[in-house]
Amino acid sequence: MGFLDALLGRSKPVRPDLDQLFALPSAAVTLQAAAGFEPTGLGSVCFASVEGGAFSRIQEDAWALLDGSVEFSQDAYGYSWLLARHPAEDVAGLVNDLHAVNTSLEESGFGPQLLCSLVGFRDERQRPLALVYLYKRGTFYPFAPKTDAGEKRDNPLELQVRAMLGDDLTIEQDLSRWFPVWGAPGL
């Protein structure tokens, strides 16, 4: 970063650190012990849609990489989602798969299209919760949609989870970057 950048308040973008995903199993234990949220065994990767042969190649590579235990979908906003499934107790295996997919996309030149990855949780009342990793920021945030309330969030729960996981994950400090991921596969 140069002098002019510092003077004008510009900063270098944070370089994504996909290895931070490996902190999720520890965070899952904390979340389960402190709030009763258990992993669902579902996780997903979101990326901006890629057209044509490149997208077909991504699908084939992911299918081969994850032994066919993957589903692709597109949301209402045109983003592509890859959903991975594991037994609920295998958070480490799920994280390994999500990391492998992210790394594969990044190494294939699709890093700029990567948006986020998430791992889903539910409590005894079946409230959904996701821990979302923002690829371009290198940070996590909790997303807790309210059930049967349309597109509304459980903000107090999100803030509670942020406080619980501050020692386990690099939490995004800018709350305006805690984007809703309505209808995300794995949530």
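Parameters and conventions
- Residues numbered from 1 in each chain as written.
- Predicted model: local features only at pLDDT ≥ 70, side-chain atom pairs only at ≥ 80, totals over all residues.
- Heavy atoms only, no water.
- Helix = DSSP H or I, 4+ residues; strand = E, 2+ residues; numbered from the N terminus.
- Polar contact = N/O pair within 3.5 Å; in protein donor to acceptor, adjacent residues only side chain to side chain.
- Phe/Tyr/Trp six-rings, centres within 6.5 Å; stacked < 30°, edge-to-face > 60°.
- Buried < 20%, exposed > 50% of the residue type's maximum accessible area, 1.4 Å probe, protein only.
- 1 Å grid on protein atoms, 1.4 Å probe; cavity = no way out; pocket = protein on both sides within 12 Å on 5 of 7 lines; lining within 4 Å.
- Points joined across faces, edges and corners; volume = space filled by probe spheres on them.
- Nonpolar A, V, L, I, M, F, W, Y, C, P; charged D, E, K, R; others polar.

Help me understand the environment of tyrosine 135 in this model?
The residue tyrosine 135 is located in the loop between β5 (128–134) and β6 (139–143) in this model. Sequence-wise, tyrosine 135 and glutamine 113 are 22 residues apart; in three dimensions their C-alpha atoms are separated by 9.5 Å. Of the polar contacts made by the side chain of tyrosine 135, one reaches the side chain of glutamate 106; its length is 2.3 Å.

How do you make sense of the packing of aromatic side chains when you look at a structure like this?
Aromatic ring pairs are defined here through the distance separating the ring centres and the angle between the ring planes. The full count for this structure, using the stated rule, is three aromatic pairs. Ring centres of tyrosine 133 and phenylalanine 140 lie 5.0 Å apart, and the angle between their planes is 55 degrees; on these two criteria the pair is classed as tilted. Of the two residues examined, tyrosine 133 and phenylalanine 140, each falls in the buried class. Here the aromatic rings of tyrosine 141 and tryptophan 178 are separated by 6.0 Å at their centres, their planes lie at 20 degrees, and the arrangement is stacked. Residue tyrosine 141 is located in strand β6, and its partner tryptophan 178 is located in the segment after α5 (155–165); the two are separated by 37 residues in the primary sequence. Accessibility expressed as a relative area gives 1% for tyrosine 141, which makes it buried.

Explain empty space enclosed by the protein to me, please; I cannot follow it from the model alone.
If you roll a probe as big as a water molecule over the atoms, it shows you where there is empty space left. In the structure shown here, the tally under the stated rule is one cavity of 30 Å³ or more. Taken as a whole, the largest cavity holds about 80 Å³ of empty space. Around the largest cavity sit Arg57, Ile58, Asp61, Ala62, Leu65, Val101, Ser104, Leu105, Ser108 and Phe110, which together line it. Of all the secondary structure elements, the ones that give two or more residues to the lining of the largest cavity are α3 (53–65) and α4 (91–110). Classifying every residue of the lining of the largest cavity gives six nonpolar, two polar and two charged.

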